[in-house]
Amino acid sequence: MDMTKIGFLSFGHWRDVPGSKVRSGREALVQAIDLAVAAEEAGVDGAYFRVHHFAPQQAAPFPLLSAIAAKTSRIEIGTGVIDMRYENPLYMAEEAAATDLISGGRLQLGVSRGSPETAQAGYQQFGYVPDASDPNGADLARAHTSVFRRAIAGEPMANANPQMTGAAGSLPVFPLSDTLPDRIWWGAGTRATAEWTAEQGMNLMSSTLLTEDTGVPFDELQAEQIERFRRVWAESGWDREPRVSVSRSIIPIIDDESRHYFGVRAQVEGADQVGYLDGGLARFGRSYIGSPESLVEELAADQAVRAADTVLVTVPNQLGVDFNARLLAAVKDVFAEVDAAPARA
């Protein structure tokens with residue numbers, strides 16, 4: 001059977017407070033590069049970063065991903081996700097293609113409308129103001145994504161200047177990376193959005209929460225989301241197999257340090273939670289904290305984990321590179337056994 005790809009997903013938090021091993025923006029960036037190198041050495045498959053503006057977290061992904069690309073050779077590099085309300089699509093197309101070419105085709109770019117943020121409509125300060133009929137910018141994000149995808153596919157984006165080119169016509173942006181269009185993922189928070197993602201021909205990136213609740217456990221609701229995505233993908237007639245990722249908080253208790261930081265939390269975070277997000281009900285997935293043996297059993301029973309080809313493990317980056325490298329190596333070992341376990345009927 002195919003082995004589950006394991007990536008890490010870092011928010012890139014930094015804060016100058018007692019206990020934090022990441023106290024500045026520089027430390028967050030440098031440690032992100034070091035963790036990606038260590039993760040590749042441990043056999044981990046992907047290094048992914050959240051993108052948040054107006055907050056002490058990672059915000060400018062392409063310089064970081066390019067630096068990681070230059071220091072690694074195998075690991076996938078990506079985002080989960082870029083809030084497209086903030087993006088200039090053509091500038092982003094140039095940055096993404098350049099990063100992908102540096103990496104040798106390893107960029108896996110997660111994009112979406114984004115999540116609740118620290119700034120009120122911060123994208124307006126970046127110069128992007130949605131129509132009055134689009135109060136949260138969802139249509140704006142999709143419009144920016146459409147232009148971006150057309151640009152990375154090499155479609156003409158500007159009229160040529162005959163005085164410079166010697167001929168009339170139109171021009172694409174440069175550089176271009178031929179296979180990058182197949183490696184764009186949409187972060188979908190509902191089942192309906194997953195179906196839309198399939199219609200658009202993008203891969204599916206599903207998080208640790210869904211902005212809807214039907215009363216069933218989170219993993220079952222997310223597995224239904226994945227099933228709907230794959231069904232619509234097949235109906236749409238795309239000529240490639242899509243990728244599907246889910247995110248999980250997974251902490252193997254393997255030593256005194258992991259027990260010190262997370263032993264008590266295992267007792268309170270081992271169940272789904274339902275709350276309000278963006279004015280509606282949302283279901284938040286549980287955390288997986290415990291011995292490697294218990295995690296194998298629990299993750300093997302997670303229907304969405306078994307349905308996805310990629311699991312992104314959210315890492316507590318403020319605990320430093322060494323802690324997270326050990327965590328990821330342990331998670332990789334856990335999934336070697338999860339993949340070998342029979343799927344639940």
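See the structure above.
Below you will find a few notes about this structure. (Residues numbered from 1 in each chain as written. Predicted model: local features only at pLDDT ≥ 70, side-chain atom pairs only at ≥ 80, totals over all residues. Heavy atoms only, no water.)

### Focus on the environment of Val129
Along the chain, the position of Val129 falls in the loop between strand 4 (107–112) and helix 4 (138–152). A relative accessible area of 55% means that Val129 is categorised as exposed. (Helix = DSSP H or I, 4+ residues; strand = E, 2+ residues; numbered from the N terminus. Buried < 20%, exposed > 50% of the residue type's maximum accessible area, 1.4 Å probe, protein only.)

### Notes on helix 1 (residues 25–41)
Taking 1.5 Å of rise per residue, 17 residues should cover 24 Å, and helix 1 covers 25 Å from first to last C-alpha, within 8% of that figure. When we look at burial in helix 1, the residues that qualify are Ala28, Gln31, Ala32, Ile33, Leu35, Ala36, Ala38, Ala39 and Glu40. Against the buried residues of helix 1 lie strand 1 (5–10), strand 2 (46–49), helix 2 (61–71) and helix 11 (321–340). Looking one or two residues past helix 1, Gly43 carries a phi angle of roughly 90 degrees, positive in sign. (Expected span 1.5 Å × (residues − 1). Contact = heavy atoms within 4.5 Å.)

### Quick word on the pairing of strand 4
Summarising burial for strand 4: six of the six residues are buried, a large majority. Of the two faces of strand 4, the one carrying Leu107, Leu109 and Val111 and the one carrying Gln108, Gly110 and Ser112 are both buried. As defined by bridge partners, strand 3 (residues 76–83) adjoins strand 4 across five bridges and the pair is classed as parallel. Bridge pairing links Ile82 to Val111 in strand 4. (Pairing = 2+ DSSP bridges.)

### Overview of the packing of aromatic side chains
Applying the stated criterion across every chain yields a total of ten aromatic pairs. Between the aromatic rings of Phe229 and Trp233, the centroid separation amounts to 5.7 Å while the plane-to-plane angle is 45 degrees, which identifies the pairing as tilted. Here Phe229 and its partner Trp233 are both found in helix 7 (residues 218–236), four residues apart, which amounts to about one turn of the helix. Just as Phe229 is buried, Trp233 falls in that class too. A network of ring pairs unites the aromatic residues Phe54, Tyr86, Tyr123 and Phe126 as a single cluster. Sitting over the face of the ring of Trp196, Arg142 holds its NZ or CZ atom 3.8 Å from the ring centroid. (Phe/Tyr/Trp six-rings, centres within 6.5 Å; stacked < 30°, edge-to-face > 60°. Lys NZ or Arg CZ within 6 Å of the ring centre and 35° of its normal.)

### Considerations on the nonpolar core
Within the largest apolar cluster, 73 residues are counted, with the highest numbers of intra-cluster contacts made by Phe8, Leu109, Phe148, Ile250, Leu299, Leu328 and Phe335. Per element, the largest residue contribution to this core is nine residues, and it comes from helix 11. Excluding residues within four positions of it along the chain, Leu299 makes contact with Ile250, Tyr288, Val305, Arg306, Val334, Phe335 and Val338. One finds Leu9, Tyr48, Val81 and Leu312 within the second-largest nonpolar core, a separate group that totals six residues. (Core = buried A, V, L, I, M, F, W, Y, C linked by side-chain atoms within 4.5 Å.)

### Looking at helix 9 (residues 292–300)
Within helix 9 the residues assigned to the buried category are Leu295, Val296, Leu299 and Ala300. Each buried residue of helix 9 lies within a common arc of 120 degrees when the element is viewed along its axis, so the set occupies one face. Of the residues in helix 9, the exposed ones pointing more than 90 degrees away from the buried face are Glu293 and Glu297. Residues of helix 9 that are buried make contact with strand 10 (244–252), strand 13 (287–290), helix 10 (303–307) and helix 11. (Arc of directions from axis to C-beta.)

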